[in-house]
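# Architecture and fold: a report
Okay, here's what each chain looks like letter by letter:
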Protein chains: 2
Amino acid sequence: MAHIIVVEDEQELARLISSTFQSDGHTTEVFRDGRFALDRIDDRTRPEPDLYILDLGLPRVDGLALCKRIRQDRITPIVMLTAKTSELDKVLGLELGADDYITKPFSLRELQARVSAILRRVEMMSRENLPDTTIDSKVIEQDGLRIDPVGREVHAQSTSISLTAKEFDLLYLLASNPGRVFSRAYLLDTLWGDTYGGFERTVDTHIQRLRRKLAEADNADERIVTLWGVGYRYDKRGSRPA
Amino acid sequence: MAHIIVVEDEQELARLISSTFQSDGHTTEVFRDGRFALDRIDDRTRPEPDLYILDLGLPRVDGLALCKRIRQDRITPIVMLTAKTSELDKVLGLELGADDYITKPFSLRELQARVSAILRRVEMMSRENLPDTTIDSKVIEQDGLRIDPVGREVHAQSTSISLTAKEFDLLYLLASNPGRVFSRAYLLDTLWGDTYGGFERTVDTHIQRLRRKLAEADNADERIVTLWGVGYRYDKRGSRPA
DNA sequence: CCGGGTTGTGACGAAATCGTAAATATTCCC
DNA sequence: GGGAATATTTACGATTTCGTCACAACCCGG
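### A look at the protein's contact with DNA strand C
Close contacts around DNA strand C come from 24 residues, with Thr-164 and Trp-192 of chain A together with Thr-164, Tyr-196 and Arg-209 of chain B the closest. Sugar and phosphate atoms represent 69% of those atoms of DNA strand C found within 4 Å of the protein. The side chain of Thr-164 of chain A places a nitrogen or oxygen atom 2.6 Å from a phosphate oxygen of DNA strand C. Separating a phosphate oxygen of DNA strand C from a side-chain N or O atom of Trp-192 of chain B is a distance of 2.8 Å. Listing elements by their share of the surface near DNA strand C, those giving two or more residues are α8 (201-217) of chain A together with α6 (165-176) and α8 (201-217) of chain B. No other element matches α8 of chain B, which puts five residues into the surface near DNA strand C. In terms of residue class, the surface near DNA strand C is built from nine nonpolar, 10 polar and five charged.

And the structure:
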């Protein structure tokens with residue numbers, strides 16, 4: 001059973017979609033305003049859903065922007081809803097990377113069927129062991145730290161830091177979004193998988209090991225900051241007041 | 001520009017689709033009978049198209065069967081055309097592995113847009129990711145190691161190293177992308193074929209044999225690095241700090 | 001049909017990593 | 001300042017992953 005985020009400003013339609021999927025046993029979260037949805041998307045304190053359903057025309061921030069934002073660093077499935085066929089053409093042309101597009105009006109059964117198909121496909125995929133599905137693999141380079149996701153190497157001013165798999169994933173995720181807080185639950189979700197039933201303190205231990213290795217190589221700098229009662233954050237050097 | 005096979009029994013619609021894509025610069029091949037289409041699909045002397053457009057309801061052999069047949073051994077994109085929404089539900093439920101589904105009646109512009117989106121996505125995929133898919137085989141020459149893919153020979157500072165087929169392929173793939181990690185799953189996929197069901201330990205063994213031969217000839221240098229829990233990586237000599 | 005070279009497999013010890021718990025330290029808030 | 005909540009450190013056992021080896025299956029040329 002999946003968790004689905006629905007962003008749709010027409011109240012009645014939003015309600016219908018939500019209740020449809022809920023009666024299928026899924027859980028839903030509904031937003032009727034693009035700006036609020038964006039906040040939710042950027043909030044690394046709460047877990048990533050299994051699927052997004054985005055309306056194209058939204059108040060304040062439109063569906064296109066949301067879709068782009070998500071695709072910047074995630075491959076979470078997205079279904080786009082468009083009002084007119086002519087609109088659909090444009091959207092498809094932009095190649096946003098959504099997984100499916102539906103033109104209003106549509107039957108709920110169709111939406112249901114398409115969503116099921118996508119979820120099933122994702123489920124299949126995740127079973128297999130495919131080579132690195134990371135969308136963007138950019139080298140991160142800042143204040144003397146170089147993080148290369150392709151070779152999975154980390155260098156601090158010419159000396160190499162050897163990290164374990166988990167340590168690297170953790171660092172890369174944090175450093176990809178400097179200044180953004182990640183809750184332990186979110187980190188467990190994305191790095192350990194949503195089926196992981198372990199302890200949240202596990203994250204602490206890995207953070208600690210990471211901190212030590214960073215400190216050893218890159219003498220005395222606390223890039224990884226603890227947010228009490230919330231989680232962890234990666235700060236660029238000097239971004240905090242002395 | 002792509003080659004598209006259209007299977008549609010309504011003559012007028014088939015003509016429209018065909019001419020639409022032809023005027024976009026694509027080439028098309030039209031079948032109005034499932035049986036003939038199947039023959040074409042099974043004919044390995046003719047080139048595989050870049051995309052299929054299949055109608056669900058067809059004489060003699062229906063679109064479902066064609067879709068299944070294609071998916072048995074191909075990942076060529078497929079767009080399914082269905083007559084009714086109710087039909088669509090069923091088809092989606094079957095999870096045939098088609099890439100998109102459209103319900104009649106539809107606008108040609110929508111079909112056009114969806115097909116373009118798929119073709120673009122495929123194009124992206126084949127470019128992205130994937131290590132150097134360059135067919136042109138270049139001699140790799142670095143730090144005293146010379147790897148010649150044409151003669152499939154390897155020399156380490158004037159002494160020749162004789163490798164077996166698999167060993168050579170492995171070395172060549174790794175060395176073509178220095179600094180890049182390859183998971184065992186990926187290596188099995190590319191070097192053994194995606195249908196291979198064997199064990200991942202096999203890769204280890206080949207890596208080991210390769211390492212030994214390299215070490216014998218090219219005295220004490222560990223170019224191939226193990227990344228715990230991830231895979232293997234080829235490093236240029238001296239790319240790792242002492 | 002024989003034999004050498006190549007390839008895949010299973011087993012096993014060694015090594016690295018990982019998760020947890022318990023002890024200790026820090027921060028928060030009244 | 002004091003107590004509760006939260007985080008860090010440490011240590012250790014369990015688990016996972018790796019390297020190696022020997023052997024059997026296979027392929028192919030002679």
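Read on, since the account is not over.
### Remarks on the packing of aromatic side chains
Residues and elements named next belong to chain A. Under the counting rule described, the total for this entry stands at five aromatic pairs over all chains. A centroid spacing of 6.1 Å and a plane angle of 5° characterise the contact between Phe-168 and Tyr-172, whose relative ring orientation is stacked. Linking Phe-168 with Tyr-172, this pair stays in helix α6 (residues 165-176), spanning four residues, or about one helical turn. Judged by its relative accessible area of 3%, Phe-168 is buried. By relative accessible area, Tyr-172 is classed as buried at 13%. In this arrangement the basic side chain of Arg-60 is found over the ring face of Phe-36, its NZ or CZ atom lying 5.3 Å from the centre.

### What to know about the pattern of salt bridges
This structure, assessed with the given rule, holds 52 salt bridges over all chains. The partner of Glu-8 of chain A in a salt bridge is Lys-104 of chain A, and the shortest N-O contact between them spans 3.3 Å. Taken as a pair, Glu-8 of chain A in the loop between β1 (3-7) and α1 (11-23) and Lys-104 of chain A in the loop between β5 (100-103) and α5 (108-127) lie far apart in primary sequence, 96 residues in all. Of the residues examined, Glu-8 of chain A reaches a relative accessible area of 0% and is grouped as buried. Lys-104 of chain A sits in the buried class, given a relative accessible area of 16%. The shortest N-O distance in the salt bridge between Arg-46 of chain B and Asp-43 of chain B comes to 3.3 Å.

### A look at the environment of Gly-57 of chain B
Mapped onto the elements, Gly-57 of chain B comes out in the loop between β3 (51-55) and α3 (63-73). Separated by 57 residues in the primary sequence, Gly-57 of chain B and Arg-114 of chain B have C-alpha atoms spaced 21 Å apart.

### Observations concerning the sheet that holds strand β5 (residues 100-103) of chain B
Residue and element names in this part refer to chain B. With parallel pairing, the five strands of this open sheet are ordered in space as β2-β1-β3-β4-β5. The open sheet terminates on both sides in strands that have one partner only, identified here as β2 (27-31) and β5. Averaged over all pairs of adjacent strands, the angle between strand axes in this sheet comes to 15°, irrespective of strand direction. Pairing geometry for β3 and strand β4 (residues 78-82), over four bridges, is parallel. Of the residues in β4, the one forming a bridge with Leu-54 is Met-80. Across the sheet, helix α2 (residues 34-42) lies against β1 (3-7), β2 and β3, angled at about 130° from β2, the strand it touches most.

### Remarks on the domain arrangement of chain A
Residue and element names in this part refer to chain A. By the assigned domains, chain A splits into domain 1 (3-126) and domain 2 (135-234). The centre of domain 1, based on its C-alpha atoms, is set 30 Å off from the matching centre of domain 2. Counting residues at the interface gives 13 residues for domain 1 and 11 residues for domain 2. Sorting the residues of domain 1 by area buried against domain 2 places Arg-44, Thr-45 and Glu-48 first, and these three jointly supply 53% of that buried surface. Among the salt bridges present, the one from Arg-180 reaches Asp-42, with a minimum N-O distance of 3.8 Å. Across the domain 1-domain 2 interface, the total number found is two residue pairs in polar contact (both at pLDDT 80 or more). With four residues, the top contributor of residues to the side of domain 1 that touches domain 2 is helix α3 (residues 63-73).

Reading the values: the criteria
Residues numbered from 1 in each chain as written. Chains lettered and ligands numbered in written order. Predicted model: local features only at pLDDT ≥ 70, side-chain atom pairs only at ≥ 80, totals over all residues. Heavy atoms only, no water. Near = heavy atom within 4 Å. Polar contact = N/O pair within 3.5 Å; in protein donor to acceptor, adjacent residues only side chain to side chain. Helix = DSSP H or I, 4+ residues; strand = E, 2+ residues; numbered from the N terminus. Nonpolar A, V, L, I, M, F, W, Y, C, P; charged D, E, K, R; others polar. Phe/Tyr/Trp six-rings, centres within 6.5 Å; stacked < 30°, edge-to-face > 60°. Buried < 20%, exposed > 50% of the residue type's maximum accessible area, 1.4 Å probe, protein only. Lys NZ or Arg CZ within 6 Å of the ring centre and 35° of its normal. Salt bridge = Lys/Arg side-chain N within 4 Å of Asp/Glu carboxyl O. Pairing = 2+ DSSP bridges. Axes fitted to C-alpha atoms, helices over the stretch in contact; angles between N-to-C directions. Contact = heavy atoms within 4.5 Å. Domains from an automatic or database assignment. Buried area = accessible area lost by both parts, 1.4 Å probe.

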